[in-house]
Amino acid sequence: MAGTDHSCPHCGAELRCDMRKGGSRSGGTPGCPYDGLAYAPLRAGHDAIYFGPWRRIDAPPMEIRRAYHRIGRHLDAIGAELTSHDLPAAARDLDAAHAALQASDPREECRDALRFMDNALSYAHRAIDDLLHEKGLPPHQPMDFSEWYDVVEVPFRDEW
C-alpha cells in the first residue's frame, strides 16, 4: 500500500505512512506514533531511514545516495542533541557512525557501501538508545513502528 509523506505537527517527525491506518486524529489529520516519547524526532528520523527504499535489494542508485545524505543529517541531529549531555558511550557510538558513513560514500566505488551505511545507522541507533538509557527508558524498537512505513520486511537485515 502506498503511503504519503508528512511531518508530524507535534514532534516534527517525518513520517511516511498510510493515513487510513489507525492513529488518525479527529479532523482526518494523521496522528504521530512517536507522540509523547522521549527523543521523538530522533526515533522517527532513524525509522524513516531504517524502513527506507534504499534497503530494498533492487534499490536504484538515487535512493542509495538519498539515504546516504539522510543518514548524514540524522547523525548531525543526534550530535546536536548530544551537545547537552555528557555521555561518552553515545559520543563513541556517534563517532563510529560517522566513520562508517564516511567509508560508505556511494559516490565512490565501494562494493560494501550498503553494509557501511547499515552500520552507520546501527551506531546511530545505539546513540539514541544511550540517550534513552540515561533517562531510565527502554531502548527504541523500530519494529514497533513498522506499520507506519511502507515496509513488508527489512531486507538483508540478517545477511551481514
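The model shown is predicted, which means the values in this text are computed figures rather than measured ones.

1. Things to note about the packing of helix H3 (residues 88–103) against helix H4 (residues 113–134)
Then, number 1: The geometry of H3 relative to H4 is characterised by a closest axis approach of 8 Å and an angle of 165 degrees between their N-to-C directions. In terms of orientation, H3 and H4 fall into the roughly antiparallel class. The two elements H3 and H4 meet at a crossing, and its hand is left-handed. Between H3, through Ala 89, Ala 90, Asp 93, Ala 96, Ala 97, Ala 100, Leu 101 and Ala 103, and H4, the contact on the second element is made entirely by Phe 116, Asn 119, Ala 120, Tyr 123, Ala 124, Arg 126, Ala 127 and Asp 130.

2. A look at the packing of aromatic side chains
Then, number 1: A full pass over the atoms with the stated rule returns 2 aromatic pairs.
Then, number 2: On the numbers, 4.4 Å between centres and 15 degrees between planes, the contact of Tyr 34 with Phe 145 is stacked. With Tyr 34 in the loop between strand S2 (14–17) and helix H1 (40–50) and Phe 145 in the segment after H4, this residue pair connects regions lying 111 residues apart in the sequence.
Then, number 3: For Phe 145, a relative accessible area of 9% puts it in the buried group.
Then, number 4: Residues Tyr 50 and Phe 51 carry aromatic rings whose centres are separated by 4.9 Å and whose planes lie at 80 degrees to one another, so their mutual orientation is edge-to-face. Of the two residues examined, Tyr 50 and Phe 51, each falls in the buried class.
Then, number 5: Over the aromatic face of Tyr 50 sits the side chain of Arg 55, whose NZ or CZ is 4.5 Å from the ring centroid.
Then, number 6: Sitting over the face of the ring of Phe 116, Arg 115 holds its NZ or CZ atom 4.7 Å from the ring centroid.

Thresholds applied
- Residues numbered from 1 in each chain as written.
- Predicted model: local features only at pLDDT ≥ 70, side-chain atom pairs only at ≥ 80, totals over all residues.
- Heavy atoms only, no water.
- Axes fitted to C-alpha atoms, helices over the stretch in contact; angles between N-to-C directions.
- Helix = DSSP H or I, 4+ residues; strand = E, 2+ residues; numbered from the N terminus.
- Parallel < 35°, antiparallel > 145°, perpendicular 65-115°, else oblique.
- Left-handed = near helix turned anticlockwise from the far one by under 90°.
- Contact = heavy atoms within 4.5 Å.
- Phe/Tyr/Trp six-rings, centres within 6.5 Å; stacked < 30°, edge-to-face > 60°.
- Buried < 20%, exposed > 50% of the residue type's maximum accessible area, 1.4 Å probe, protein only.
- Lys NZ or Arg CZ within 6 Å of the ring centre and 35° of its normal.

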